[in-house]
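Chain and residue survey
Here is how the chains run, residue by residue.
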Amino acid sequence: MAQGVLSFPLTSFHDDGSLDPDGFRAHVAAQIATAPGAVFPACGTGEFFSLDEDEYRRTVTIAVEEAAGRLPVVAGVGYGWAQAARFARIAEQAGADALLVLPHYLVAAPQDGLVAQLEQIAARTRLPLIAYQRGQVALTAASLRRIARIPNVIGLKDGHSDLDRLQRLTLAAPEDFLFFNGAATAEIQARAYATVGVPAYSSAVHAFAPEIADAFFAALRDGDDPTVHRLLRDFYVPLVELRDRVPGYAVSLVKAAARLRGRPVGPVRAPLTEPSPADLAELTTLLTAGLDLVGAAL
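Below you will find a few notes about this structure. (Residues numbered from 1 in each chain as written. Predicted model: local features only at pLDDT ≥ 70, side-chain atom pairs only at ≥ 80, totals over all residues. Heavy atoms only, no water.)

**As for the pattern of salt bridges**
One pass over the full model with this rule turns up 15 salt bridges. R168 is the salt-bridge partner of D164, the closest N and O atoms lying 2.7 Å from each other. Placement of both D164 and R168 in helix 6 (residues 163-172) is noted, with a separation of four residues, approximately one turn of the helix. Within the structure, one salt-bridge network assembled from shared partners comprises R25, E65 and E66. (Salt bridge = Lys/Arg side-chain N within 4 Å of Asp/Glu carboxyl O. Helix = DSSP H or I, 4+ residues; strand = E, 2+ residues; numbered from the N terminus.)

Shown next, in the form of structure tokens:
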């Protein structure tokens, strides 16, 4: 999974808000065709929080069918451990290779509780687990050592971007423990994460412009600083500034950009909202410019 950009596909909905399985299959197939390091269906970008169990089952099943064993499929699970375990069973039955444990719902919890949450989920599935720390989940080095001893906990995705804390976590972990950069628009901080031993990252941009995401990944891997700087300055930083204007744009802008490129992903579900006409026009201009930077077209 560290050998390529990690794909977090969008979940396709019809205009009435119902699941669009055919649209999702086409979107996932297009994502897999670009050879990402892994595909993560029904996670944050895929609006896991808005899916019922049947929709979740269909989504993960389609991703597994399209991957066809060519790359890992890591499905999202979340809420409290009892509900997370229900989703874990569904993902296991659907053929997923691993699970990304999204932050639990609503409440703050002490370190013992964060560890216990993973213990409870791990005891109820045979699948490997990747913990995701962001929001109310922030592990200490001592807790990292504890979760690393849970037999099927294999890694940690970090969304806090606290590099001091993250360095302490990487130093506390076993050598084979996996770490992933899960910052919003992870490319902005990819170089910084790599300096503390976390080169792998998820890319929301890959969901609508794999040409840009792959060009950035290759430039970063090859030490091509001029290309990295150009893409950051002229595409990624303006995208982040647009994203930060409205809560939820981290997903709804991505879906809007995918629709601009003809991807059958449909609208977001409430409580997310669609971009305003002015923001959509700005997104169109920015996406066109970003694709031009890598020799692609809208």
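That was the structure; now back to the text.
**Let's talk about the environment of G80**
Mapping G80 onto the fold places it in the loop between strand 3 (74-77) and helix 3 (81-94). Once the C-alpha coordinates of G80 and R124 are considered, the two residues, 44 residues apart in sequence, prove to be 13 Å apart.

**Here we look at the pairing of strand 7 (residues 178-181)**
Alignment of strand 6 (residues 153-158) against strand 7, held across four bridges, turns out to be parallel. Along strand 7, the bridge assignment pairs K157 with F180. In this fold, the crossover linking strand 6 to strand 7 by way of helix 6 has right-handed handedness. (Pairing = 2+ DSSP bridges. Right-handed = clockwise from strand over helix to strand, strands pointing away.)

**A look at the environment of L239**
Along the polypeptide, L239 turns up in helix 9 (residues 225-243). Measuring from C-alpha to C-alpha, the distance between L239 and P128 comes to 33 Å, with 111 residues separating the pair along the chain. Those residues in contact with L239, other than ones at most four positions away along the chain, are V205, F208, L283 and L286. (Contact = heavy atoms within 4.5 Å.)

**Some details on the layout of surface pockets**
Taken as a whole, the largest pocket holds about 900 Å³ of empty space. Looking at the largest pocket, it is lined by 37 residues, and the ones nearest its centre are G44, T45, Y132, R134 and V251. When contributions to the lining of the largest pocket are tallied by element, the ones reaching two or more residues are strand 8 (202-203), helix 9 and helix 10 (249-260). For the lining of the largest pocket, the element with the highest residue contribution is helix 10, accounting for five residues. When its residues are assigned to classes, the lining of the largest pocket shows 24 nonpolar, 10 polar and three charged. Taken as a whole, the second largest pocket holds about 170 Å³ of empty space. Forming the walls of the second largest pocket are 12 residues, and the residues nearest its centre are F177, L178, F179, G197 and P199. Per-element tally for the lining of the second largest pocket: the top contributor is strand 7, with three residues. Its residues placed into classes, the lining of the second largest pocket shows nine nonpolar, two polar and one charged. (1 Å grid on protein atoms, 1.4 Å probe; cavity = no way out; pocket = protein on both sides within 12 Å on 5 of 7 lines; lining within 4 Å. Points joined across faces, edges and corners; volume = space filled by probe spheres on them. Nonpolar A, V, L, I, M, F, W, Y, C, P; charged D, E, K, R; others polar.)

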